[in-house]
Amino acid sequence: MVALREPVRYCDAIRLLGADDPDVVELIDQLVADEATDLLAARTELVGFTHQALNRLDREAHLLTRVERTRYIAAAHSAIVVTAFFESLDDTELPFRLDNGLDDAAAGVADRKRLGEFVALLVASAPPLPRPQRSTADGRARVRRFYLRRCKQLPSVLRGMPLWEELDESQRRAITERLGASLADRCVRRYEELRDKLAASFPEFGAWASLSMVRARTSVTDVPMGLSRLQHRLQSISTGRVPSAVRGALARAHEERLNVPPVRHTGGTHIPPLSISYINPCFRVTEITAHARPHDAAWWEEHTEVRDDLAEFLLGYVTSPRALTHPLIVVGPPGSGKSALASVLAARLPDSDFTAVRVSGRNLPADGYDRVLADRFAEALAAAGGGNCDALPVLILDGLEEVTTRSLASRSDLLAGVTRFQRERAAGPDPVAVVVTCRDSTAARMRFPLGSVVLRLEDFTDAQLATWLSIWNRVNSSYFHHHGVASLDWETVEAHFPLARRPLFLLMLALYDGVGNALRRVNAPLRETALYERWLRMLADSTDRADPVATERPAEAESDPEVRSGRIEQALLTASLLALSLFHRGGEVVDGATVAADRDALVRWPPHYARPLDPLRLPCVGETPPAEGAPTGLAFTDPVLGDYLVARLVAEELAELAEARMRELRSIRPAPVDDSFLYALLSFTPLSVSGEVLRFLADRLRLLAPHVRDELRLVLAELLREAGRHRREAHYGGYRPVELGAACRDAIYTANLLLVLMGVHGGAVPLRELFGAGAVRRWRSLAHLWRSQLPPEQWASLAESLRVHEDSRGGLVVYPCEGLPLDPDPGAQTYLGEVARDAALLADSGTQQLLHALSPLIRLFGGDVTARAAGEVSDAYAVLALAFTAAETSDEDLVSYYDRAFSLAAMLDSDNRLRFIVFLLRQLRGHTHRLGARLVPLVARYVRPVGVARSARASVRRLAEEHNEHVTAIRDVLAGRW
């Protein structure tokens, strides 16, 4: 089957629906080429054919594969949009027929030409296709705008009819009004009738158009769970094909995964598996534009609304044409349930129509993204039966934040590669859908493909939280009864809002309270870091006590609180060193032997010490699923736990460093600060690669006493000023988790010192106070060192974490950007946005001045206006060349620049498009004699639609008011088409 682009042109829709009717295909080809002779008869024939095709499609839908069904529905929608226009136009009362006079030899040729141009434009138009990420009202408004544009073209056609001159002005005005907004409204009503009929035959189309009524859910019994509705709806429209043995086994594996608790636990409480505890979260959804900020919660609140029909949205998305060409990206803060959604979605897709392949981000190697994705898709197609379209492969890439940060390709490049791969497959017989999950902090430094769909998970509502509590208490009722533990009630959880509204944190609170109702004894609302600390300490203690012989737990640990506390601290230290090993290797596979070697290089236990708890025994540590051709490795069940432990380790060492400095200052022989251990911790990976590490670190540093923070601030400033002047590997030279050169390690260490210093300051740091009179020169030296030594993803994380600007005295101040937009803002999702972020960190005033000079073009056309392919000029260059250097430009290039500029106009809204085209026509006036016949294709392709698309008098009047002296020249260029 030939792939259809989205939205589907009416002519392409008729060609698909009438593929076995050569007469209809020939007729539509004649209309597109403006060669049809009997236009009104053709319209009648197309209307009748559309109704017949829809009825046949309804009868034969069971014969279609999943992808064929999607494409036929998209084609059917385009057909009903134009059919509704034709039928509503037929019902409009006019004092003469549209074909009256077309047979007259004197006037018929010109009139038929005018009407033929209108029909050709209509037939080649692409009506807007409903998308599940848009509301019903938005879809209706887009269709109405489509009709309004068509209606505005009709008066110019009627003015050429023979009987138009016989009408008086009032009759002409009445006809114009009748063919304006009132006709558009009638078209919309007829369209909605046909749309609802199509939705009755194809339920997934109803989900595309968001036709299901969304209502507020307030009762516990009304909370949707487990995406069961998605599964039932997909099964009801299933093709009914029997899956292959491989595909069936894969589907059963996804189902079985839901029956395994998401976290191992050594306590007495039982963790409800996702199969009975997953609650469909509320969400927000949008399409990515140049200025979208999908990592910013405030942006979401301003531009989107909360929805509670997740199953219905996913039904619409996985069956829509957009799923075949753009990834669905699920974002949210830590603990919001992104991985749980990935697991449940994989299990709910029927194996008769879908093949879900779930891939963890950590299983993607450092380079070769395209190769790895190709391999994954090949596996999915093989499971589907060797590459046919019986089942749509769905790749679920879970945890984009776990993709290695040491690759030469960034995560933005990975997403761009996913989109390219999808579009290549969509053009052939084996398309594929992709779902990606990532944290907000990762999304902040990524460039999302324009047009991709982003879904943000919301916190639990009261009803959802109450439902989860009832499940938890029901599953653990026996444990509560036998151990004298009270069930977890609303009042206990309410004290820890808003933390308790995220699924993962709610589970952690429940597990913590399950040990003697410990949560009830907490006097103040828990912060996120406090919850992690308490939960990990409880986990370490319970694991240590579970098997004293295996863990070599001393007997006195049962009676001596200090010994017990020391065991817990040792366990958390070893767990922190495990987290550090994973953090520094940036997503690479790490085994137990590697972790033990790292631990021995950093910490040397005295021989008489009891062996600390092996972190591999902790329930929060497990093995990663083996990737194709790769060994298994270690990982935390939730990567955020590892981020917290890294921040904890760094915070503990910083506190030790400040305390040591204060002791040295009281000594009669003070020694220089020994930061060799800190250098070992902070010279391999920038802390900014995980936004959570910086957040946790800042939170723990705020707990330090004021005098300790003040001393730490002085120590860090001194270390930063002296960085690079001496080596710090006296005691830890054997610790090398990755092989880096001295310059790279110094770059990472200085970047981390600055990040930590800003965390201690709690805000902006004046560079003059840090580096003195040469602050600007020293800063640029440091920033360019970072830029030259860090891999793309690590540099991007730093550029998104820090900003530099001038203060009132002309000095530089560095401050945390906290996701704030740039000024001017080229758009967070554009290449120029990355350039602007780099310039802001490098204090590159030249680039910033250039961006400021381009800001008018950027505001009008977006940040990609300067992007260019190899060997070609950018859109910005083409526009500026037409305005200022046309005389020095060759004729061939000049035509090419006009072509680029007219194409660029299509991106603008109606008012800006009109002004920009007027600007181009001004320039074109001066080149008419120079370019001659070369302008004919441009005029035919771009200028004619402008003339047909608007009432001649209204357009000329409007242009005359704004550009009076150019109206004559514009008319000459349009060659009388107005």
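Predicted, not measured: the structure shown is a model, and the values here were computed from it. Residue numbering note: each chain is counted from 1, following its sequence as written. For a predicted model such as this one, the threshold for reporting local features is a pLDDT of at least 70, and the threshold for listing and counting side-chain atom pairs is 80 or more; totals across whole chains, interfaces and linings nevertheless cover every residue. The basis for every side-chain value is the complete set of heavy atoms in the structure, and neither hydrogens nor water enter the calculation.

1. With respect to the overall build of the protein
- Counting from the N terminus, the helices are the DSSP runs of H or I reaching at least four residues and the strands are the DSSP runs of E reaching at least two. In terms of regular secondary structure, the protein is built from 43 helices and eleven strands.
- A total of 978 residues make up the protein; the buried ones form 56% of that total.
- Considering only contacts within the protein whose residues lie at least 6 apart along the sequence, 77% involve residues at least 24 apart. Buried, partly exposed and exposed residues are distinguished by accessible area as a fraction of the type maximum, computed with a 1.4 Å probe on protein chains only: under 20%, between the cut-offs, and over 50%, respectively. Any two residues whose heavy atoms approach within 4.5 Å at even a single point are treated as in contact.

2. Regarding the sheet that holds strand β10 (residues 802-806)
- DSSP calls a pair of strands paired once it identifies at least 2 bridges connecting them. On the basis of which strands lie adjacent, the open sheet formed by three strands has the order β9-β11-β10 and antiparallel pairing. Looking at which strands have only one partner, the edges of the open sheet turn out to be β9 (765-766) and β10.
- The sheet contact formed by β10 and strand β11 (residues 812-816) spans five bridges and is antiparallel. When the bridges of β11 are listed, E806 appears paired with L812.
- To get an axis, a line is fitted to the C-alpha atoms, and for a helix only the part in contact is used. The angle between two axes follows their N-to-C directions and goes from 0 to 180 degrees. Lying on the sheet, helix α31 (residues 742-761) is in contact with β9, β10 and β11; it crosses β11 at an angle near 80 degrees.

3. A closer look at the nonpolar core
- Residues W779 and W786 are the most contacted members of the largest nonpolar core, which totals 130 residues.
- Throughout, nonpolar core names a set of buried Ala, Val, Leu, Ile, Met, Phe, Trp, Tyr and Cys residues whose side chains join them through atoms within 4.5 Å. If you look at the next biggest cluster of nonpolar residues, it comprises 62 residues, including A53, V119, F146 and A199.

4. What to know about the sheet that holds strand β4 (residues 392-398)
- Spatially, the six strands line up as an open sheet ordered β1-β6-β2-β5-β4-β3, and their pairing is mixed. A single partner strand is all that each edge strand has here, and the edge strands are β1 (283-287) and β3 (354-360). When the angles between neighbouring strand axes are averaged without regard to direction, this sheet yields 20 degrees.
- Of the strand pairs in this sheet, strand β2 (residues 328-332) and strand β6 (residues 453-457) are connected by four bridges, and their pairing is parallel. In the sheet register, I329 faces β6, and the bridge partner there is V454.
- Along the sheet, helix α14 (residues 310-318) contacts β1, β2, β3, β4 and β6; its crossing angle with β6, the most-contacted strand, is approximately 160 degrees.

5. A closer look at the pairing of β4
- The buried fraction of β4 amounts to seven of the seven residues, a majority that puts the element mostly inside the structure.
- Residue alternation in β4 divides its side chains into two sets, L392, V394, I396 and D398 and P393, L395 and L397, and both sets are buried.
- Here β3 pairs with β4 via seven bridges, running parallel. Within the sheet, the bridge partner assigned to A356 lies in β4 and is V394.
- Pairing geometry for β4 and strand β5 (residues 433-439), over four bridges, is parallel. Each residue of the ladder has a partner; that of L397, found in β5, is V436.
- Between the parallel elements β4 and β5, the chain passes through helix α17 (residues 411-426) in a crossover that is right-handed. Seen with its strands pointing away from the viewer, a crossover is right-handed if its path from the first strand over the helix to the second goes clockwise.

6. As for unusual backbone geometry
- Each neighbour pair has its own omega, and for F497 with P498 the value is 0 degrees, a cis peptide bond.
- Examined against the element boundaries, P498 turns out to sit in the loop between α21 (490-494) and α22 (503-513).
- Even without glycine at this site, S210 takes up a positive phi of about 55 degrees.
- Note on placement: S210 falls in the loop between α9 (203-208) and α10 (228-236).
- The class for S210 is buried, based on a relative accessible area of 15%.
- Residue L227 is not a glycine yet carries a positive backbone phi of 50 degrees.
- With respect to the secondary-structure elements, L227 resides in the loop between α9 and α10.
- On the basis of relative accessible area, L227 is assigned to the buried category, the value being 0%.

7. Remarks on α31
- Helix span, as expected, comes to 1.5 Å for every residue beyond the first. Here α31 contains 20 residues, and its C-alpha end-to-end distance of 28 Å stays within 8% of the 28 Å for a straight helix at 1.5 Å per residue.
- Burial analysis of α31 places 16 of its 20 residues in the buried class, which makes it a mostly covered element.
- The first or second residue beyond α31 is G762, which carries a positive phi of 80 degrees.

8. Points about the side chain of S690
- With respect to the helices and strands, S690 occurs in the loop between α28 (676-682) and α29 (691-701).
- Taking relative accessible area as the criterion, S690 reaches 7% and is therefore assigned buried.
- Leaving out residues up to four positions away in the same chain, S690 has contacts with R439, R445, F583 and D643.

9. Quick look at the pairing of β1
- Most of β1 is tucked away, with five of its five residues classed as buried.
- Both faces of β1 are covered, namely the face carrying F283, V285 and E287 and the face carrying R284 and T286.
- Relative to β6, β1 runs antiparallel, the two being bridged by five bridges. Pairing of E287 across the sheet is with V453, part of β6.

10. Remarks on the packing of aromatic side chains
- The aromatic pairing rule takes the rings of Phe, Tyr and Trp, using the six-membered ring of Trp, and pairs them if the centres are within 6.5 Å, calling planes under 30 degrees apart stacked, those over 60 edge-to-face and the rest tilted. For the structure shown, the criterion picks out 22 aromatic pairs.
- Taking the centre distance of 5.7 Å and the plane angle of 80 degrees together, the rings of W490 and F497 count as edge-to-face.
- We classify F497 as partly exposed; its relative accessible area is 23%.
- Cluster of aromatic residues (ring-pair linked, three or more members): F85, F86, F146 and Y147.
- Above the ring of F146, the side-chain terminus of R150 is found at 4.5 Å from the ring centroid.
- In this scheme, Lys NZ or Arg CZ marks a charge over a ring once it lies within 6 Å of the ring centre and within 35 degrees of the ring normal. The lysine or arginine in question, R501, covers the ring of F497, its NZ or CZ lying 4.2 Å from the ring centre.

11. Some remarks on the pattern of salt bridges
- Here a salt bridge means any side-chain nitrogen of Lys or Arg lying within 4 Å of a carboxyl oxygen belonging to Asp or Glu. The full count for this structure, using the stated rule, is 54 salt bridges.
- The residue E528 makes a salt bridge to R695 at a minimum N-O spacing of 2.7 Å. Of this pair, E528 sits in helix α23 (residues 528-546) while R695 is found in helix α29, placing the two residues 167 residues apart along the sequence.
- Taking relative accessible area as the criterion, E528 reaches 12% and is therefore assigned buried.
- Among the ionic pairs, R661 bridges to E718, the shortest N-O distance being 3.0 Å. Here R661, found in helix α27 (residues 639-665), pairs with E718, found in helix α30 (residues 706-722); they are 57 residues apart in sequence, far enough to count as distant.
- For R661, a relative accessible area of 18% corresponds to the buried category.
- Overall, E718 belongs to the partly exposed group, its relative accessible area being 31%.
- One network of salt bridges, in which partners are shared, links E533, R537, E569, R648, E652 and R700.

12. Description of the side chain of E312
- Inspection of the secondary structure puts E312 in helix α14.
- What makes E312 buried here is its relative accessible area of 6%.

13. Regarding the packing of α30 against α31
- Following both chains from N to C, one finds α30 and α31 inclined at 155 degrees, their axes separated by 10 Å at the closest point. On the basis of their axis angle, the class for α30 and α31 is roughly antiparallel. The interaxial crossing formed by α30 with α31 has left-handed handedness. Across the interface between the two elements, R709, L712, R713, L716, L719 and L720 of α30 pack against Y749, T750, L753, L754, V756, L757, V760 and H761 of α31.
- Residue composition of the contact of α30 with α31, by class: ten nonpolar, two polar and two charged. Throughout this description, any angle smaller than 35 degrees is read as roughly parallel, any larger than 145 degrees as roughly antiparallel, any in the 65 to 115 degree range as roughly perpendicular, and the remainder as oblique. Here a crossing is called left-handed whenever its near helix is offset anticlockwise from the far helix by less than a right angle, and right-handed whenever the offset is clockwise. Gly falls in the polar group here, along with every residue not listed as nonpolar (Ala, Val, Leu, Ile, Met, Phe, Trp, Tyr, Cys, Pro) or charged (Asp, Glu, Lys, Arg).

14. Looking at the packing of helix α37 (residues 875-884) against helix α38 (residues 891-905)
- Axis separation between α37 and α38 bottoms out at 9 Å; the angle between their running directions is 115 degrees. Note on packing geometry: the crossing formed by α37 with α38 is left-handed. Together, D875, Y877, A878, V879, A881 and L882 of α37 and L894, Y897, Y898, R900, A901 and L904 of α38 make up the contact between the two elements.
- Residues belonging to the contact of α37 with α38 are distributed by class as follows: ten nonpolar, no polar and two charged.

15. A short note on the environment of L920
- In this fold, L920 is placed in helix α39 (residues 910-925).
- With 37 residues separating them in the primary sequence, L920 and A883 have C-alpha atoms 8.8 Å apart.
- Filtering out sequence-adjacent residues up to four positions away, L920 remains in contact with L882, Y898, A901 and F902.

16. So, the confidence of the model for the protein
- Confidence of the prediction at every residue is given by pLDDT, a number between 0 and 100. With 85% of its residues at a pLDDT of 70 or more, the protein has an overall mean of 83.
- When pLDDT is averaged over each element of the protein, β6 comes out on top at 97 and helix α42 (residues 952-962) at the bottom at 39.
- In the predicted structure, residues 213-218 sits below a pLDDT of 50 and forms eleven contacts with residues beyond four places in sequence or in another chain.
- Across residues 944-978 the pLDDT falls below 50, and counting only partners more than four positions away or on other chains, this stretch makes 51 contacts in the model.

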